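# Topology and contacts: notes
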Amino acid sequence: MRKRLVLVLAVVVLASVWASAQVRRPTAEVAARVDTRTPKAGGTVRLVAHVRLPAGLHVQSNKPKDPDLIPTDLAVTPPKGVRMVDIVYPKATDITLPGYKLPLAVYGNEFDIVVRVRLDPGVTPGSLTVPATLRYQACNDSVCFPPARAEVSWSVQVVKG
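Residues numbered from 1 in each chain as written. Predicted model: local features only at pLDDT ≥ 70, side-chain atom pairs only at ≥ 80, totals over all residues. Heavy atoms only, no water.

## Here's the deal with the sheet that holds strand 7 (residues 104-107)
Rules: When DSSP finds at least two bridges between two strands, those strands are taken to pair. Under the scheme used here, helices are H or I runs from DSSP no shorter than 4 residues and strands are E runs no shorter than 2 residues, and both carry numbers assigned from the N terminus.
Spatial strand order, 6-7-3-10: four strands in an open sheet with antiparallel pairing. Strands with a single pairing partner mark the edges of an open sheet, and in this sheet they are strand 6 (93-95) and strand 10 (138-139). Taken together, the two bridges between strand 3 (residues 58-60) and strand 10 define a ladder with antiparallel strand orientation. Looking at strand 10, one finds that valine 59 is bridged to alanine 138.

## Details of the packing of aromatic side chains
The geometry of two aromatic rings is summed up by the distance between their centres and the angle between their planes. Convention followed: What counts as a ring pair is set by centres within 6.5 Å for rings of Phe, Tyr and Trp (its six-membered ring), and what kind of pair is set by the plane angle: stacked under 30 degrees, edge-to-face over 60, tilted for all other angles. Exposure categories follow from relative accessible area, calculated using a 1.4 Å probe and restricted to protein chains: below 20% of the type maximum is buried, above 50% is exposed, and the middle band is partly exposed.
Taken as a whole and assessed by the stated rule, the structure comprises one aromatic pair. For the ring pair tyrosine 107 and phenylalanine 111, a centre distance of 5.0 Å and an interplane angle of 40° mean the geometry is tilted. Like phenylalanine 111, tyrosine 107 is buried.

## Quick word on the side chain of serine 61
What counts here: Under the rule applied, a polar contact is a pair of N or O atoms within 3.5 Å (in protein, one hydrogen donor and one hydrogen acceptor; residues adjacent in sequence only if both atoms are side-chain atoms). What makes two residues a contact is simply this: any of their non-hydrogen atoms within 4.5 Å.
For serine 61, the position within the fold is in the loop between strand 3 and strand 4 (73-76). Accessibility expressed as a relative area gives 3% for serine 61, which makes it buried. There is a polar contact of 3.1 Å between the side chain of serine 61 and the backbone nitrogen of lysine 63. Residues within four places of serine 61 in sequence aside, it is in contact with Pro71, Thr72, Ala92, Ala105, Val106 and Tyr107.

## Re the confidence of the model for the protein
When pLDDT is low, close inspection of the predicted coordinates is not appropriate. Our working rule: A score from 0 to 100, pLDDT tells how confident the predictor is in each residue.
Across the protein, pLDDT averages 88, with 86% of residues at or above 70. Confidence drops under a pLDDT of 50 for residues 5-22, and excluding neighbours within four residues, the segment shows one contact in the predicted structure.

Take a look at the structure:
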């Protein structure tokens, strides 16, 4: 009886380890780049979030065709003295997968999201951090993994306007 109990417990432990490995979220790497050569107080700054997923994965676009799917979303939290101008997502690619009536609008495993912010004229020159959170759901051609988040922030060196 004791051997049977140990065997059952071992099977349960192994099954849970295997199951958790199967649903482990792929992680997106997000690199921050400031594309404005000289960010000036009173000016507009172009920020880029370069997203990279493991090969073979994609995410839904920021405007999926199916409202039940989870959109990719970059939420920027501008600090004092910074105002959002816009966020430009890449052009989505349509893919067709079994089980879906409509094509899916997706981003591949590597893409850029461009953020434009305006610095107030009175913003203090020096280092300024602009944080953001990327919300996404990575999928391959047969399964979608649990939704995830990735933090990113830009360090902007502001000069006098």
